[in-house]
Amino acid sequence: VQLQASGGGLVQAGGSLRLSCAASGRTFSPYGMGWFRQAPAKEREAVAVISWTDSRTYYADSVKGRFTVSRDNAKNTVYLQMNSLKSEDTALYYCAITTNINAGWSLRWLYDYWGQGTLVTVSS
């Protein structure tokens, strides 16, 4: 399975960006697909995930109300719409797939496949 993330860039605080992540390769039905991020000198943290089976969504408290995760089943693609961006959102954003979302959507060690990361920089 390959994950290709795109959409990162430089934006001013208060602005918006939309990230995309397309999955290709092995045909499968992932249980959950979503986004993590890692800022310099910080651990990788879960941002938002969507269940492929029932579209249930999960968000970190820090992004609730500002970020929206969605999917396109036909394209095997997940999106992250990021609004009202803050400087603290600056990070390398990774998309990932888990087949065990019930064990804890935010636990990065449950994710089997990872994309290469796309950089989001928010200037204040």
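The structure reproduced in this document is the subject of the present report. (Residues numbered from 1 in each chain as written. Predicted model: local features only at pLDDT ≥ 70, side-chain atom pairs only at ≥ 80, totals over all residues. Heavy atoms only, no water.)

### Topic: the sheet that holds strand 7 (residues 67–72)
Right, so step 1: Strands sit in the order 1-3-8-7 across an open sheet of four strands; the sheet is antiparallel. Edge positions in the open sheet fall to strand 1 (2–6) and strand 7, since each of these has one partner strand only. Direction aside, neighbouring strands of the sheet carry axes that sit 15° apart on average.
Right, so step 2: Pairing of strand 3 (residues 17–24) with strand 8 (residues 77–82), which is carried by six bridges, proceeds in the antiparallel orientation. Directly across from Ala22, in strand 8, lies its bridge partner Thr77. (Pairing = 2+ DSSP bridges. Helix = DSSP H or I, 4+ residues; strand = E, 2+ residues; numbered from the N terminus. Axes fitted to C-alpha atoms, helices over the stretch in contact; angles between N-to-C directions.)

### What to know about the nonpolar core
Right, so step 1: If you look at the biggest cluster of nonpolar residues, it comprises 29 residues, and the most contacted ones within it are Trp35, Leu80, Met82 and Tyr93.
Right, so step 2: Contributions of two or more residues to this core are made by strand 1, strand 3, strand 4 (32–38), strand 5 (45–51), strand 7, strand 8, strand 9 (91–98) and strand 11 (118–123).
Right, so step 3: Beyond its immediate sequence surroundings of up to four residues, Tyr93 is in contact with Leu19, Trp35, Phe36, Arg37, Val47, Phe67, Leu80, Met82, Gly117, Thr118 and Val120.
Right, so step 4: Phe36, Tyr58, Leu110 and Tyr111 belong to the second largest nonpolar core, which has nine residues in total. (Core = buried A, V, L, I, M, F, W, Y, C linked by side-chain atoms within 4.5 Å. Buried < 20%, exposed > 50% of the residue type's maximum accessible area, 1.4 Å probe, protein only. Contact = heavy atoms within 4.5 Å.)

### A look at the pairing of strand 7
Right, so step 1: When strand 7 meets strand 8, the two strands line up antiparallel, connected through six bridges. Within strand 8, the position partnered with Phe67 by the bridge is Met82.
Right, so step 2: Linking two consecutive strands that pair antiparallel, namely strand 7 and strand 8, is a turn of four residues; a positive phi of about 50° is found at Asn76 within it.

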